[in-house]
Amino acid sequence: MRLTGAVVLVTGASSGIGAAVVRRLTRAGSEVVAVGRHPERLARLAAETGAAALPADLARPGAGRDLAERVLARHPRVDVLVNNAGVGWAGPFTEMPDGVADELIAVNLRAPIELTRALLPEMCRHGGHLAFVGSIAGRLGVGEEAVYAASKAGLDIFAQSLRLELARHRITVSVVVPGVVDTPFFARRGQAYHRRRPRPLPPERVADALAAAIVRDRAEVYVPGWLRLPVAVRALQPALYRRLAARFG
């Protein structure tokens, strides 16, 4: 997949990983449509990068379908879809406020499914790439983030299944699995990140990994790469993994 000249739709572009992806892909020569919930931030990003800004709230029912219609009304095609938008919440599951679980599932899982479904018919005619920004929480599970982890696990399996289904249509699929990233995500989820290790990575590192995954058709990329180790231990030695997780969290 060539990034130069490609029409790329990036969700969750108002800040963090999404904004870094927009900057990375516009530098590569892509025609980027940046989608987010904060018009002012999007406008600043558009002025900086030359991307097109498209405000949208993906928590709203039917938002994925509506967004696809708005994008296709402006562009004849979408070559690359980056499903990055995500929200989180941290705390005991029994203390989760009413409505939060619905929002997490809507933004993290339902909207990407709707958006992908709406763009696929046109994409199948010319090929393209689907990129999904998952989370290590979706591969391993995390205490006090049960619903967030479940939504990211669902997104992960959705992407892996699509990769098998869409190969004959010349559509490739990648999942980027980041660990802790230095973004406003932790402040917005209601609980700051307090651990000394692992240290948060800059969002630009995830953006670089995502761009490489698109160009080289990588099915999955862990950022950082050592995150493969606990996933492998969990798969091969589940009892050992549970003991280690209970001890080190």
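Just so you know, these numbers come straight off a predicted model, no measurement behind them.

## Structural notes on the overall build of the chain
Right, on to step 1. Along the backbone of the chain there are 10 helices and seven strands.
Right, on to step 2. The C-alpha atoms of the chain give a radius of gyration of 17 Å, which matches the 18 Å a tight globule of 249 residues would have.
Right, on to step 3. Based on the C-alpha atoms only, the size of the chain along its principal axes is roughly 50 × 35 × 30 Å.
Right, on to step 4. Here the chain displays about 12300 Å² of accessible surface, and carbon together with sulfur accounts for 54% of that area.
Right, on to step 5. Both charge centroids of the chain, one from 34 positive and one from 22 negative side chains, sit 7 Å from each other.

## As for helix α4 (residues 100-126)
Right, on to step 1. Its 27 residues place the ends of α4 38 Å apart at the C-alpha level, agreeing with the 39 Å of an ideal helix rising 1.5 Å per residue.
Right, on to step 2. Leu-120 marks the point of greatest bend in α4, at about 50 degrees, and the proline Pro-121 comes within the next four residues.
Right, on to step 3. Following α4 by one or two positions, Gly-127 adopts a phi angle in the positive range, close to 85 degrees.

## Some thoughts on the environment of Ala-146
Right, on to step 1. Mapped onto the elements of the fold, Ala-146 is located in helix α6 (residues 146-166).
Right, on to step 2. Residues Ala-146 and Ala-90, spaced 56 residues apart in sequence, show a C-alpha to C-alpha distance of 8.4 Å.

## Quick word on the pairing of strand β3 (residues 52-55)
Right, on to step 1. Inspection of the sheet shows strand β2 (residues 31-36) paired to β3 by four bridges, in the parallel sense. Following the sheet pairing, Val-35 is matched in β3 by Leu-54.
Right, on to step 2. Viewed along the sheet, the connection from β2 through helix α2 (residues 39-49) into β3 turns out right-handed.

## A short note on the pattern of salt bridges
Right, on to step 1. Going through the model one piece at a time under the given rule, you end up with 13 salt bridges.
Right, on to step 2. The shortest N-O distance in the salt bridge between Glu-220 and Arg-228 comes to 3.4 Å.
Right, on to step 3. What makes Glu-220 partly exposed here is its relative accessible area of 29%.
Right, on to step 4. Overall, the relative accessible area of 42% leaves Arg-228 in the partly exposed class.
Right, on to step 5. Three or more residues are tied together by salt bridges with common partners; here these are Arg-139, Asp-156, Glu-220 and Arg-228.

What counts, and at which threshold
Every chain is numbered independently, its residues counted from 1 as its sequence is written. Given that the model is predicted, a residue must reach a pLDDT of at least 70 before its local features are reported, and side-chain atom pairs must reach 80 or more before they are shown or counted; all residues, however, enter totals for whole chains, interfaces and linings. Side-chain measures here rest on the full set of heavy atoms in the structure, leaving out hydrogens and waters. Put simply, DSSP marks the helices as runs of H or I at least four residues long and the strands as runs of E at least two long, and each gets a number from the N terminus on. Only the C-alpha atoms count toward the radius of gyration. The rule for a globule is 2.2 Å times the residue count to the power 0.38. Each accessible area is a Shrake-Rupley result for a 1.4 Å probe, and residues are judged covered by the shown protein chains and nothing else. The sign given to each residue is positive for Lys and Arg and negative for Asp and Glu; His and the chain ends receive no count. Charge positions come from single atoms, namely NZ of Lys, CZ of Arg, CG of Asp or CD of Glu. To estimate how far a helix should extend, the number of its residues minus one is multiplied by 1.5 Å. The bend at a residue is defined as the angle formed between two axes, one fitted to the seven residues ending at that residue and one fitted to the seven starting there. Only strands joined by at least two bridges in the DSSP assignment are considered to pair. The crossover handedness rule: strands pointing away from the viewer, path from first strand over the helix to second strand clockwise, crossover right-handed. Criterion for a salt bridge: a side-chain nitrogen of Lys or Arg within 4 Å of a carboxyl oxygen of Asp or Glu. Here's how the labels work: a residue is buried when its accessible area is under 20% of the maximum for its type, exposed when over 50%, partly exposed in between, all with a 1.4 Å probe on protein chains only.

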